[in-house]
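Observations on the model geometry
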Amino acid sequence: MNSFPAELRTPPLPLIAFIGCPDVHKEIGTYFNHTLRPPFFSVGLAEPSEALLVRLFGVKHQPKPYRTPDGILKADWFLKQRQRRAAVAIAFVPRSHVEGDPSSWMRMLAGLRTVRATSAHKGVYLVVVVMQDGPLTDLPSDRVAGICSNLDLEPRYVCLISRLSCDPSVPAEEKAQHQEAELKPLGRLVMEAATAYYTQAAARLRQKQLDLTAALGSAPPETSAAITIKLGVLAEFRQDWLSAVSAYQAAAAALQGVSLGRPTVSCQRYAEVTAVAEVVHFKAMMLLLHQQRYAEAIQQLQGHLEAFGPSPEGLPLAAAATHYGWLARQYQCAAEMIAGSRIDEATLQAHKDVQPAHLLVSAAQLAAQRKAAAEELRQQRNGAAPPIDLCAVRKGRYLGQIEIRTPDGPAGAHSDMTDAEFALYLEAEELQVSHTQQVLDLLLQAQASHFQQATRLPALAAAAAAGPPTGADVSKGAHVAADRLQAWLVWLMAEQQVDSHNLTAARKLVLQAVYTYRRDGWDLLLLHCLLQLRDVCQRLKLHKEALLHSLEVACLTHSLTNSSKGGSSSSDGSQTASAGLVNAQQAAALASAAITGLCTGAGDKRSSIMKTSSSSSVVVDGPPAAQQAQGSSQWVYNVQQLDLAAALQQMPIKEDGAVTNTIAEVLSQHHQQDFGWWGILTVTGGFVAHSPDPQQLRVCIAVYNHLPVCLPVAAVAVTISDNQGSWTQAAVLGPGPGLLLQQQQPDSNRKQQLVAATAEVSSAANGPRGQHVQQQDTAAAAAADGISVWQLQERQQSSSSASTSAVASSQQLQPSAWQAYHVAFSPRQVGSVRVDELVLHISENCSVRFHVKSFPASRAALGHSSLPVSAEAFSVHAGVRMGVWAAKVQHVGSLPQLQVAMPDLLLVGEFVPINVVVQASAAQQAATLELSVKSAMGATPGHVAVLATMPDSKLQAVNPEGQALPVPALDAGTNYTQRLWVRSQLASTCRLIAVLSCPATVAQSIQLTFLEPFAHVTRLNGEMNMHTLVAPSHNYSTVIQADRVDGSAAAGGVPIVLGQSLFAQVLVKALHNVDLQLLDAEVELQQGSGLQLLNKLSDQLAGKPLLACGSSVHCLLLQLLPTATSQEPVRMGRLQLRWKRQSAAEPVSSGSTGAVAGIATLAAGAALPETMSATLELPLVVVRDSLLSVKVIAPHSVTAGIAFSFTLQMHNLTTQPQEVLVSVQDAQGFVFSGNKQQTLTLLAKDTTSCSWTMVAHVSGQLPLPAVRVSSAKLSCQLVTQQSYIQVVPF
């Protein structure tokens, strides 16, 4: 975008001419340009000189007949409109000249008339500004009228301002006030005049186009394009962006109709059209992006490239090369404009072809085509220069035209070029361009744009997830470059570096592409890059790397060829054959030659690195013998896994453009130049499954050879490390002898573990390369044979014991086959043991060192994302934990045993003693005992408390969620017992878990079931033969059916009567066959229950503990008085019982009695509570207000045949008289005299009674008749409960 001149890159501003009073021009111009919005651009003249005014406003041209123009658009038209064609002229005159003598007045008028005369023909507006010293005062009206009449102005174009607004010595605040009051209105007036000027100029252009159309039938496309371009610029002056865009788009459409020459295309005409089209497209794109009309901007770009991108037929090669350069500039400019705009990421993701990085890549490709065309031109002339003098060439009067100096003409005379001369000029220009550098610059810009976009994506993802991006994402995100676009970019840059003979830079770049293609599994692209990298390394005399790349090329070719034979119609193998890269025979020969070079040793670097190789194709005869010396140093390939994103975050941030160098440094530091060995060899294996206290550890290793030929292996060594250090141990050929571990899995778990192990191996073997392990049903076969995963058995029955015990030496890895090795060792200490390195000695001069610890854990195959097809490294029967290269030794020697003992009976509320016994069969270091309590659902119960007796005879609270207690060091054959005290406030079942970390974990648990010590029943008893009449508003769910109510009454509550005492009989029963002592009892009445306790409960125990055992029942009596009514059922309260065991509980210990006795002594001195408490809930009651109390009075026993009195006594409890109906019911065995039904009236607080004389004529226990008392007024009634009387014979 910087290739365009400033008049095109910035929006045009209205041009204002300042004439006269030059001392105020700077201040007023600064205010107009920096403060006013929209701003103005100003030019100044000290005096109204006619020559200068004509140059500023132009001269009036006489109309001429139309003729075909020499070009489309004048080259200087944009600059002339911005700098030499003022829209408004501001004439500054001192006030002294306006109010002065006639000579001053006339001299001022003469200058103003000159300005008016030179600018009127262009329609320039004139504004007269009178400058006054000091505060403003009104101008004389006659002088203002004289100025307006002489200059044909409206009075509003005559303004008065004070010099205080332009004086630098005036304080800033005062100056700003004057400018706001005087210059701001002047600016609005000038803006209005400028808009009117540009509107009139646009109208004249439209009229000109209409006149041409009327005269010629249709305006020529050249003229239409020029007029519409000018209309667009004038609209920009008015800040009418919509009209400007429309005008530029119309100009682009008109340019497509411009004739390029007949019958052949004129390269000069085409260059002019494309130059004008480039300017029009740039202006339209810039305005569309400025207005945030992104969809239209994308359409504009696509339309421009579609219209002017394809080159017309018949262009000479030089013109075609120039067109490639022009088209590359279009892509580059579009990328810069889009990158500098505020276009949203969603739009770019929807239109990936307009992303800046992709546009710059397209520009680089076009620049590469331009380079190829220039090389062809150079070859056509055999390096000679074209026969043209570039010093005689200059730019023409019209945009896109070139002129040449006339040899025979006068000095300085130039004429138009012929097409042949123009083609020679283009050819000379192309040969002077540094094409390689241009391509590299465009690729670097594309890479920087790609980094910038990769920086924005993590921030946008974090914003979409409603979370801020991390600092590493924002500051280091530009380094996230390992993707295919980055790989393609560096590959293209590497090709340019090779052409420029910068082989070192090319090698670094190709290594980046190889890293990406190897990681993502793009085999064909990887093969192309490896061939190029091998060629570069050979030219640099880096034989160590060249031989490795040759081996990887052979492996890739072998793999792709096999995949093509497998039946894939569009496989990579067929593509390699069609591309002519490498065939199977060449791959085998290449691998054999490379292996010979590896066995021979290091190469000689005495020859020049600039020696050009024959071609980039494969040379199968290997390195020359003269280049192979009997190496004085050994070749060591270091193969290390690399997480590029994580590694780049550890690197310091460099300036822009240095990201590629940073990536190259990381690749070199992590030996990625040697990483191709993972394509040559697949290494899998891991530690064999073992118990927590293994006597011996085994590592099994399997190596698969992907080469089409055998690979010699002199020896295999493994570097193992633990906390004490590392050591190297030679690997033994074969998977190793069978080993039966001490702990075998139960038969019920065998099949499940076999299936899980098979699934782990097969799932880890899958990868994006499309090579998957053929999954076999080995789990079912193993289960049928009764083989456990924990039992290692020899799978190869043919191998002898001598071969399995010998160190691997002088072996060969067969092509497309596995070779197994193993290492066995005894653990040295507790902790982590890991395999750090695996070293394969190819020969005495070459070894491959695999940094196993750098690879992610739990991968079935290191380096390769999948295991080879139809190849099984280890059967699941071998018990190898594939991909597990680290083991944890939790214990060396025999593990201690852990036992937990508890009493037979656990009661709620008491601290129950529990013994946790640690038995050490061997010497045991200090360890920790972690204790926790879990419920049946796995949660920590909140009603459980745990205490531990410490060695200092004190109790320590233990967190039930989990807390570790120290265990001292133990000698062999000794025990350690930890006494715990557990209490539960609720009847529940939980589990106590004890885990001993020594540091191996030994776990034991025991179920704790806490039971209630007591059960209780509460009975409520009222006064005998006393009944109550209650109002119907008290509608309760529970109705008294008897004068004794059990404690398990309905949830609605037991109704009781206000003011009528009652007795609560609490029956407490011991539930278990253990001696308990009831020490004390206390009642806590519920607040708000309205009950009052009338007796002391503690008096019933008589100061002596009661012995409760088995099914014994103890009765506690409470006398209560209701003192207030309750609207809802309320709890009477709680009965607190204080109790203890007759004899302390002891756990059933499985340890030695001496250890338990010692703990019991410590517990005796600890501060444990001596007594426990139990809470018994009393029932719900409802206290009701009564209207009438009724009492039945009758003797307890009578004699048959002798009359006795049966009386009903009623008491009115209200303050209102009550009328009740009394009805006595028949009773079998009695005769009586009196009214069976009568109405009685009871006064307030009055008592009355009614009696019947009755005679019993049957002996025995007879029920007395029931009496119904009802109130019709209150709609309520009661029926007395039947009482019994004893009738004796006469």
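All figures in this text were calculated on a predicted structure; none of them were measured in a lab.

1. Quick notes on the packing of aromatic side chains
The final tally for this structure, using the stated rule, is 21 aromatic pairs. For the ring pair Trp 77 and Phe 78, a centre distance of 5.7 Å and an interplane angle of 85 degrees mean the geometry is edge-to-face. On the accessibility criterion, Trp 77 (8% relative accessible area) is buried. Residue class for Phe 78 comes out buried when judged on its relative accessible area of 7%. With centroids separated by 6.0 Å and ring planes inclined at 35 degrees, the aromatic side chains of Phe 1206 and Trp 1252 adopt a geometry described as tilted. Taken together, the residues span a long stretch of sequence, with Phe 1206 in strand β48 (residues 1203–1212) and Trp 1252 in strand β52 (residues 1247–1256) at a distance of 46 residues. Phe 1206 gets classed as buried once you look at its relative accessible area, which sits at 1%. On the basis of relative accessibility, which here comes to 2%, the residue Trp 1252 falls in the buried class. Site record: aromatic cluster; members linked through ring pairs are Phe 18, Tyr 31, Phe 32, Phe 40 and Phe 92. Across from the ring centre of Tyr 637, 5.1 Å away, lies the NZ or CZ of Lys 544, which sits over that ring.

2. A look at the sheet that holds strand β51 (residues 1237–1242)
With antiparallel pairing, four strands are arranged side by side in an open sheet as β51-β49-β54-β55. This sheet does not close on itself; its edge strands, each paired only once, are β51 and β55 (1276–1279). On average, adjacent strands in this sheet sit at an angle of 20 degrees to one another, irrespective of strand direction. Summarising the sheet, strand β49 (residues 1218–1224) and β51 pair through six bridges and their orientation is antiparallel. Note that in β51 the partner of Val 1222 across the bridge is Gln 1238.

3. Some details on the packing of helix α11 (residues 267–290) against helix α13 (residues 317–340)
Look at α11 against α13: their axes get within 11 Å of each other, and the N-to-C directions meet at 5 degrees. Put simply, α11 runs roughly parallel to α13. The residues of α13 that touch α11, namely those facing Cys 267, Tyr 270, Thr 274, Ala 275, Glu 278, His 281, Phe 282, Met 285, Met 286 and Leu 289, are Ala 319, His 323, Trp 326, Arg 329, Gln 330, Cys 333, Met 337 and Ile 338. When grouped by side-chain class, the residues that make up the contact of α11 with α13 number 12 nonpolar, four polar and two charged.

What counts and how
- Residues numbered from 1 in each chain as written.
- Predicted model: local features only at pLDDT ≥ 70, side-chain atom pairs only at ≥ 80, totals over all residues.
- Heavy atoms only, no water.
- Phe/Tyr/Trp six-rings, centres within 6.5 Å; stacked < 30°, edge-to-face > 60°.
- Buried < 20%, exposed > 50% of the residue type's maximum accessible area, 1.4 Å probe, protein only.
- Helix = DSSP H or I, 4+ residues; strand = E, 2+ residues; numbered from the N terminus.
- Lys NZ or Arg CZ within 6 Å of the ring centre and 35° of its normal.
- Pairing = 2+ DSSP bridges.
- Axes fitted to C-alpha atoms, helices over the stretch in contact; angles between N-to-C directions.
- Parallel < 35°, antiparallel > 145°, perpendicular 65-115°, else oblique.
- Contact = heavy atoms within 4.5 Å.
- Nonpolar A, V, L, I, M, F, W, Y, C, P; charged D, E, K, R; others polar.

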